[in-house]
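Descriptive analysis of the structure
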Amino acid sequence: DELDLNIMAFESLIDLVDPLKTLPDVALNACKTIVANDTKDKSASEIRGAIAALLRNGLLREVDKGDPIFSAFNETLKNLSLRLLSKIFANMLNKGRLETAIQDNNEWFLDTLIPSLVDAVKSAKNRPHDAFYASECLSALLSASKDLLKRADEENALCALGEAKVFGFTHHASLANVTEKSIIMLESHC
C-alpha cells in the first residue's frame, strides 16, 4: 500500500540521519544530502519537495485534499517530516555543519522552512508533537544563523513560541522546555 510505504520511507530516513542508529559518518552524509541544494540529486530534491508540501499545505499530494483517510495519513507524514528535520538539524549542528548547509540552500530555509516551522508551532494546542519538533528545528536553526533569526522574528515566532510554551507548561513539558531556548535567542536578537 502506497500510504504505508511513504510512512516507512520517512521512518527509515529518520533512522538513517540519527548517529545513534547508524554510523555517524553515514548519518551526517545523509543529512547533508537531504538539505543540500544539489539539483543533480533528484531523490534529495524530491524529499525536500515532499517535506515542503507537507509543512506548507499539510498534504503530500493535492489530490488527497478532503479525503479523511489521506488526511490522517498526511498528518502522520507531517509529524514524521518535522521529526526528520529535527534529527537532521541536531546532527548537523552538533557536527558544526548546519551553518554551511543554511548558506548553501538559504532560500529554502528562509522562504519555506522558517514560515512553515512557525506555523507548526502555532498549532501547539491541536498538534503538540508537531509543535515540539518544529520548536526543536527552530532552536537549532536560530542558533546557527542570524538571517534565520531575523526571518523568524518577521514571522512573529516569539509570539507563537510564547503561546506554545504556556500550553506546554500544562500539557507537554518537553514542548515548554524546547520553546524556551528559541524564545531566549529571539529576545536577545531583538
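For the structure, see preceding data.
Residues numbered from 1 in each chain as written. Predicted model: local features only at pLDDT ≥ 70, side-chain atom pairs only at ≥ 80, totals over all residues. Heavy atoms only, no water.

1. Focus on the nonpolar core
Val 35, Ile 88, Phe 89, Phe 109 and Leu 141 are the most contacted members of the largest nonpolar core, which totals 62 residues. Among all residues touching Val 35, those that are not within four sequence positions of it are Arg 48, Ile 88, Phe 89, Met 92, Ala 101, Asn 105, Trp 108 and Phe 109. (Core = buried A, V, L, I, M, F, W, Y, C linked by side-chain atoms within 4.5 Å. Buried < 20%, exposed > 50% of the residue type's maximum accessible area, 1.4 Å probe, protein only. Contact = heavy atoms within 4.5 Å.)

2. With respect to the environment of Cys 159
Summarising the element assignment, Cys 159 is placed in helix 9 (residues 157-171). For Cys 159 and Arg 61, which are 98 residues apart along the polypeptide, the C-alpha to C-alpha distance reads 31 Å. (Helix = DSSP H or I, 4+ residues; strand = E, 2+ residues; numbered from the N terminus.)

3. A few points about the environment of Gly 168
Among the secondary structure elements, Gly 168 is positioned in helix 9. Counting along the chain gives 44 residues from Gly 168 to Ala 124, while the straight-line C-alpha distance between them is 8.1 Å. With residues near it in sequence (within four places) discarded, Gly 168 still touches Ala 173, Leu 175 and Ala 176.

4. Concerning the pattern of salt bridges
Two side chains of opposite charge can pair, provided their charged atoms sit close to one another. Throughout the structure, instances matching the rule amount to eight salt bridges. With its nearest N and O atoms 3.4 Å apart, the salt bridge here joins Lys 87 to Asp 18. Here Lys 87, found in helix 4 (residues 68-94), pairs with Asp 18, found in the loop between helix 1 (2-16) and helix 2 (24-35); they are 69 residues apart in sequence, far enough to count as distant. What makes Lys 87 partly exposed here is its relative accessible area of 32%. A salt bridge links Arg 127 to Asp 130; the nearest nitrogen and oxygen atoms lie 2.9 Å apart. (Salt bridge = Lys/Arg side-chain N within 4 Å of Asp/Glu carboxyl O.)

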